[in-house]
Amino acid sequence: MQLVRGLHNLRPQHRGCVATIGNFDGVHRGHQAILARLRERALELGVPSCVVIFEPQPREFFAPDTAPARLARLRDKLQLLAAEGVDRVLCLAFNHRLSKLSAAEFVDTILVDGLGVQHLEVGDDFRFGCDRVGDFDFLQQAGAVQGFTVEAAQTVELDGLRVSSTQVRNALAAADFALAERLLGRPFRITGRVLHGQKLARQLGTPTANVQLKRRRVPLTGVYLVSVEVDGKTWPGVANIGVRPTVAGDGKAHLEVHILDFAGDLYDRRLTVVFHHKLREEQRFASLEALKTAINADIAAARAYAAPSANR
């Protein structure tokens, strides 16, 4: 899959494609249906498929403190799109200049002059352009004039529930990981590089890997039973996502994982943490000794959870 960062990096060879536009946060089963249709149209027309995404996502630009938590950071999103057979991703920097483009300017600058779009797949509720005045009807009218076709992506439902990034977040907030997996088409996971932390957990006798989140907000908070993928091998563990209220912190969300029975140096290595069950909410303890007692209880619960899995 080819990644083009920014409109200025588009070249003549990038013109001529079928495209879709959106956040594609999580690349869930609804997104997967759009991408499957995109692949079909690309084969029919004999041109590459292209997904147009934004970084940051528009709501993160306009309201960074209240924007929805990310299901996947950019790196993971690109890997998921590649796995769906996308030929090219155009990642546009969502900034003041882009936010001020009118709907007509967006079509002319990005879709026509930039990509030479032959066919466009979008949701029928898709809105774009300054003040979000562009919609599906606008695109159809523009396509009739500019020479590209537009098709509305079909809504994907699961047991009467519309599959969306919001529904995935709701499932995660309720710790319903089975539902989240059905909506995503895979278990919910977070991948990141292990950084040096305060090393307080090591002093408490339970060393943890401090996994880089690289996102303003995360869709989970609390203590969880997880499995951790390290170099192709899977280990059970306990993960804490939160601001670590018992110790002095920076107020940002952190992901710390204790891997059961693992020995080795994980610094600067990439881990994939898969979430299975919520143990408890993150809480402030009166002392480090009380925190240590709670951590030991969490680890005991993780061992009890992992034992049946190992015997299956």
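These notes cover the structure that comes with them. (Residues numbered from 1 in each chain as written. Predicted model: local features only at pLDDT ≥ 70, side-chain atom pairs only at ≥ 80, totals over all residues. Heavy atoms only, no water.)

## Observations concerning the sheet that holds strand 4 (residues 88–93)
Within the open sheet, the 6 strands sit side by side as 1-4-3-2-5-6. Their pairing is parallel. The open sheet terminates on both sides in strands that have one partner only, identified here as strand 1 (2–5) and strand 6 (149–153). For this sheet the average axis-to-axis angle between neighbouring strands, irrespective of direction, equals 25 degrees. Where strand 2 (residues 17–21) lies against strand 5 (residues 117–123), 4 bridges are found, and the strand directions are parallel. The residue bridging Ala 19 from the neighbouring strand is Leu 120, located in strand 5. Contacting strand 1, strand 3 (49–55) and strand 4, helix 3 (residues 74–83) runs over the sheet at an angle of about 170 degrees to strand 3. (Pairing = 2+ DSSP bridges. Helix = DSSP H or I, 4+ residues; strand = E, 2+ residues; numbered from the N terminus. Axes fitted to C-alpha atoms, helices over the stretch in contact; angles between N-to-C directions. Contact = heavy atoms within 4.5 Å.)

## What about the packing of helix 5 (residues 103–114) against helix 6 (residues 136–146)?
Closest axis-to-axis distance for the helix 5/helix 6 pair is 11 Å, and the angle between their directions is 50 degrees. Here helix 5 is positioned oblique relative to helix 6, judged by the angle of their axes. Considering only the axes of helix 5 and helix 6, their crossing is right-handed. Residues Ala 103, Ala 104, Val 107, Asp 108, Leu 111 and Val 112 of helix 5 form the contact with helix 6, whose own contacting residues are Phe 138, Leu 139, Ala 142 and Gln 146. Across the contact of helix 5 with helix 6, the residue classes break down as 8 nonpolar, 1 polar and 1 charged. (Parallel < 35°, antiparallel > 145°, perpendicular 65-115°, else oblique. Left-handed = near helix turned anticlockwise from the far one by under 90°. Nonpolar A, V, L, I, M, F, W, Y, C, P; charged D, E, K, R; others polar.)

## Observations regarding the nonpolar core
Judged by nonpolar contacts, the single largest core of 32 residues is most densely connected at Leu 255, Val 257, Leu 271 and Phe 275. Going through the elements one at a time, helix 7 (165–173), helix 8 (177–184), strand 9 (189–195), strand 10 (209–211), strand 11 (222–230), strand 12 (233–242), strand 13 (254–259) and strand 14 (270–280) are the ones with two or more residues in this core. Setting aside residues up to four positions removed in sequence, Val 257 forms contacts with Pro 207, Thr 208, Ala 209, Val 211, Val 226, Val 228, Val 238, Ala 239 and Val 273. (Core = buried A, V, L, I, M, F, W, Y, C linked by side-chain atoms within 4.5 Å. Buried < 20%, exposed > 50% of the residue type's maximum accessible area, 1.4 Å probe, protein only.)

## Some words on the side chain of Arg 73
Position of Arg 73 among the secondary structure elements: in the loop between helix 2 (58–62) and helix 3. No salt bridge forms around the buried Arg 73; measuring N to O, its nearest opposite-charge neighbour Asp 76 is 4.0 Å away. When neighbours within four sequence positions are excluded, Arg 73 is seen to be in contact with Thr 191, Gly 192, Gln 212, Leu 213, Lys 214, Arg 215 and Arg 270. (Lys, Arg positive; Asp, Glu negative; His and termini not counted. Salt bridge = Lys/Arg side-chain N within 4 Å of Asp/Glu carboxyl O.)

## Section: the packing of aromatic side chains
Within the structure shown, the criterion is met by 12 aromatic pairs. Seen from their ring centres, Tyr 224 and Phe 275 are 5.5 Å apart, and the 85 degrees between their planes marks the pair as edge-to-face. Taken together, the positions of Tyr 224 in strand 11 and Phe 275 in strand 14 put the pair 51 residues apart, joining distant regions of the chain. Side by side, Tyr 224 and Phe 275 carry an identical accessibility label, which is buried. Chaining the aromatic ring pairs together yields one cluster made of Phe 54, Phe 61, Phe 62 and Phe 94. (Phe/Tyr/Trp six-rings, centres within 6.5 Å; stacked < 30°, edge-to-face > 60°.)

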